[in-house]
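# Observations on the model geometry
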Amino acid sequence: MKPEEQKVLGILATIFGAIALLGSWTPFINYLSFFIAIVALILGIIGLITNLKKRKTMAIIGTSLAVASVVLFFTTQILYANVYKDFVREFSRSYREASFSMERDLTDDTIDSLPEEEEDDTFTWTQEQFDALIEGDLDNKGKGGTNYKDIIKKHGLPDSEFDSTIESYDTKKITYIGIDDRIKTVTLTFVKQDNGQLLLVHKIAVNLGESQQQKDSGTRI
């Protein structure tokens, strides 16, 4: 009969090994379980050495549980790593698809929100219409001049616009361009009023009349 086992180390190894084994299944907690398993393994090995010529049942059980916990820890780490990779891959794919869908929807919405082009964007100016424009008093911010909105309603949006500030006046210069047998242009300059309206202060036309006359500030050249 072998002498009785010194069970203290074996019992501690068994307790720590059991705790480590239970925690090895749970993510994040299994890191703590790994260190507990190492402690259990050390206690178990010391218990085996201490009871080298004695019974060593508890030491063997504790050591076995510790080894099983360590093996289980690495197994679950590999398993969780694969699951995590699959999750990241699936999340990235879903994110890319969602981002692409949102960008496509935004693009479609932007296109839909763009104003439709004018059906008739041809040059509509005549010499009579140009002559009818009234230039306002520049010193009084164009008071009495033709309103910008009235021109836009009648002739549509210009081919070019340019905003600037001249001598503390906020101005807008617009140009209409027409091309048939020759290039025709109408250039108008407006000054912004305190109420936000734009009133005409200067006008110039090139090749508008049949005799290719030029109109500038009411004076033909």
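Residues numbered from 1 in each chain as written. Predicted model: local features only at pLDDT ≥ 70, side-chain atom pairs only at ≥ 80, totals over all residues. Heavy atoms only, no water.

With that settled, consider helix 2 (residues 29–50). For helix 2, with 22 residues, the first-to-last C-alpha span of 31 Å sits near the 32 Å given by 1.5 Å per residue. Of all the residues in helix 2, the buried ones are Asn30, Ser33, Phe34, Ala37, Ala40, Leu43, Gly44 and Gly47. (Helix = DSSP H or I, 4+ residues; strand = E, 2+ residues; numbered from the N terminus. Expected span 1.5 Å × (residues − 1). Buried < 20%, exposed > 50% of the residue type's maximum accessible area, 1.4 Å probe, protein only.)

The next thing to look at is the packing of aromatic side chains. Note on aromatic pairs: each is described by the distance of the centres and the angle between the planes. Tallied over the entire structure, the rule returns seven aromatic pairs. Here the aromatic rings of Phe34 and Phe74 are separated by 5.7 Å at their centres, their planes lie at 80°, and the arrangement is edge-to-face. Highlighted residues: Phe34 in helix 2 and Phe74 in helix 3 (residues 57–113), separated in sequence by 40 residues. Classification of Phe74 by relative accessible area gives partly exposed; the value is 46%. An aromatic cluster of at least three residues, connected via ring pairs, comprises Tyr31, Phe34, Phe35, Phe73 and Phe74. (Phe/Tyr/Trp six-rings, centres within 6.5 Å; stacked < 30°, edge-to-face > 60°.)

On to the side chain of Thr171, then. With respect to the helices, strands and loops of the structure, Thr171 is situated in strand 2 (residues 169–179). The residues touching Thr171, leaving out its near neighbours within four places in the chain, are Phe162, Asp163, Ser164, Thr165, Ile166, Phe190 and Val191. (Contact = heavy atoms within 4.5 Å.)

This next bit is on the packing of helix 1 (residues 7–23) against helix 2. One can describe the packing of helix 1 onto helix 2 by two numbers: an axis separation of 8 Å at closest approach and a directional angle of 155°. Between helix 1 and helix 2, the crossing angle belongs to the class labelled roughly antiparallel. For the pair helix 1 and helix 2, the sense of crossing is left-handed. Between helix 1, through Leu9, Leu12, Ala13, Phe16, Gly17, Ile19, Ala20 and Gly23, and helix 2, the contact on the second element is made entirely by Ile29, Asn30, Ser33, Ile36, Ala37, Val39, Ala40, Leu43, Gly44, Ile46, Gly47 and Thr50. Taken together, the residues that form the contact of helix 1 with helix 2 break down as 13 nonpolar, seven polar and no charged. (Axes fitted to C-alpha atoms, helices over the stretch in contact; angles between N-to-C directions. Parallel < 35°, antiparallel > 145°, perpendicular 65-115°, else oblique. Left-handed = near helix turned anticlockwise from the far one by under 90°. Nonpolar A, V, L, I, M, F, W, Y, C, P; charged D, E, K, R; others polar.)

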